[in-house]
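# Working through the structure, step by step
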Amino acid sequence: MSRFLSRSSFRSPIRSPRFTTRRGLAAAGAAAALTLALAACGSSGGSSGDSSSMPGMDHGAKSSMSASPSASQAMGDMPGMDHMSTGEGLSDTEDGYRLSSKDTTLPSGRRTAYRFTVTGPDGKPVTDFAVDQTKRMHFYAIRSDLTGFQHIHPTMAADGTWSAGLASLTPGSWRMFASFTPAAGPGKGKDLVLSRTLTVPGGATRTPLPAPAGSTRADGYTVTVKGEPMAGMAHPLTVSVSKDGKPVTDLQPYLGTYAHLTGFHEGDAAFAHLHPTTEVTGDHGGPDLNFHAELPTSGNWRLFLQFRTGGTLHTAALTLHVG
């Protein structure tokens, strides 16, 4: 279900342009081991499919640690840092487009809405967006320790105000990403990812990123990753899905593909969307799913693979180390 990757030339039979690095970074050494860690999917149902959260990853919700300034700093970027342009979706502005929101805090422990607008170079709200992977807007929420992942498709009012319905958030610092393509104006056809941070008040503890591993189980499915991605270079990545020792061949289309793969960089939460290259041919995808992996920075990336079977959306978390 969008971009630590810049807008280069990767395209597939399924339109999904968000797969090239925003900044060219020098190629680093050989890729390291791939890690998969299971995280429960927070969304299910055959026709819903417009949001996906992983409440099982919202660790620390009942921690006794005080949300002091030092604790907040430990959780990552805070509101007021949104204008720091570091690339990979870590700014609220690009090419005259701006992500704006009055929300700098949201409550913990219950569903809530995050409202925002995207304004163009003329300062007016943008209301004309191109469809990408079946949606006009892809919205992501991630906590600074890369837990609590949510992928949502918000709704837009006539005045250009978007509303993203978020599942329960845990205390800490969160970054909200809006991934879109203007359908008109000076940015027509350009893929953009903008973000802002906000705080969820309360006791917060930082959850360490899981150690590397080769595969994991998610909702009874075994997910395995093969490939040797290198920082700043495009490399193929293959994800295989099996169940009870047998290859899974009944993957259903989700957002125009058989699996949606996004990632966030450890430390700064830079965003990436991996380009799917497997053609959709009906409700019988799998077991192997191919992606172009172009990760601009070395280090650990937390990947989130979303796939659908029997009308249920599954989400698995993957830790990938890039050399």
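Residues numbered from 1 in each chain as written. Predicted model: local features only at pLDDT ≥ 70, side-chain atom pairs only at ≥ 80, totals over all residues. Heavy atoms only, no water.

A tally of regular secondary structure across the chain gives one helix and 21 strands. Classification of the 323 residues of the chain by burial places 53% in the buried group. Accessible area for the chain stands at about 12200 Å²; split by element, carbon and sulfur atoms hold 52% of it. (Helix = DSSP H or I, 4+ residues; strand = E, 2+ residues; numbered from the N terminus. Buried < 20%, exposed > 50% of the residue type's maximum accessible area, 1.4 Å probe, protein only. Areas by Shrake-Rupley, 256 points an atom, 1.4 Å probe, with all protein chains shown as cover.)

The sheet built from five strands is open, its strands ordered β3-β4-β5-β9-β8 with antiparallel pairing. The open sheet has two free edges, formed respectively by β3 (93-94) and β8 (155-156), since each of these has just one partner strand. When strand β5 (residues 112-119) meets strand β9 (residues 161-166), the two strands line up antiparallel, connected through six bridges. Looking at the pairing, Tyr 114 lines up with Ala 164 of β9. (Pairing = 2+ DSSP bridges.)

Locating Gly 310 in the fold gives a position in the loop between β20 (299-309) and β21 (312-322). Residue class for Gly 310 comes out exposed when judged on its relative accessible area of 65%. It is 8.0 Å that separates the C-alpha atoms of Gly 310 and Leu 251, two residues lying 59 residues apart in sequence.

Its place among the elements puts Asp 191 in the loop between β10 (172-180) and β11 (192-200). Accessibility expressed as a relative area gives 2% for Asp 191, which makes it buried. Side-chain polar atoms of Asp 191 contact the side chain of Thr 181, separated by 2.6 Å. (Polar contact = N/O pair within 3.5 Å; in protein donor to acceptor, adjacent residues only side chain to side chain.)

Turning next to the nonpolar core. Counting residues in hydrophobic clusters, the biggest one holds 41 residues, and the most contacted among them are Phe 177, Leu 261, Phe 264, Leu 274, Phe 291, Leu 305 and Phe 307. Every element with two or more residues in this core is listed here: β6 (138-143), β13 (221-227), β14 (234-243), β16 (260-265), β17 (271-273), β19 (288-294), β20 and β21. Among residues more than four places away in sequence, those in contact with Phe 264 are Tyr 140, Ile 142, Leu 146, Phe 149, Phe 177, Ala 269, Ala 270, Phe 271, Asn 300, Trp 301, Arg 302 and Phe 304. Ala 164, Leu 166, Phe 180 and Leu 192 belong to the second-largest nonpolar core, a separate cluster that totals 24 residues. (Core = buried A, V, L, I, M, F, W, Y, C linked by side-chain atoms within 4.5 Å. Contact = heavy atoms within 4.5 Å.)

Once their charged atoms are close, side chains differing in charge can pair, the charge on each being opposite to the other. This structure, assessed with the given rule, holds five salt bridges. With a shortest N-O distance of 2.9 Å, Arg 196 and Asp 92 are connected by a salt bridge. Note that Arg 196 is positioned in strand β11 and Asp 92 in the loop between α1 (69-74) and β3, a separation of 104 residues in sequence. When sorted by exposure, Arg 196 lands in the same class as Asp 92, which is buried. Each of the salt bridges in this network shares a partner with another, and the network as a whole consists of Asp 92, Arg 98 and Arg 196. (Salt bridge = Lys/Arg side-chain N within 4 Å of Asp/Glu carboxyl O.)

Moving on to the confidence of the model for the chain. Chain-level statistics for the chain give a pLDDT mean of 79 and a share of 73% at 70 or above. In the model, residues 1-49 has pLDDT below 50 throughout and makes 220 contacts with residues more than four positions away in sequence or in other chains. Across residues 55-86 the pLDDT falls below 50, and counting only partners more than four positions away or on other chains, this stretch makes 68 contacts in the model. (pLDDT = per-residue confidence, 0-100.)

Okay, the pairing of strand β4 (residues 97-100) next. Along any regular strand the residues' side chains alternate between the sheet's two faces. Burial along β4 is one-sided: Tyr 97 and Leu 99 are buried, and none of Arg 98 and Ser 100, which face the opposite way, are. Strand direction decides the pairing type here: β3 and β4, joined by two bridges, are antiparallel. Directly across from Thr 93, in β4, lies its bridge partner Arg 98. Counting the residues that bridge the hairpin from β3 to β4 gives two residues, and of these Asp 95 lies at a positive phi of roughly 50°. Sheet topology note: the β4/β5 ladder contains three bridges and is antiparallel. When the sheet's bridge partners are listed, Arg 98 is paired in β5 with Thr 119.

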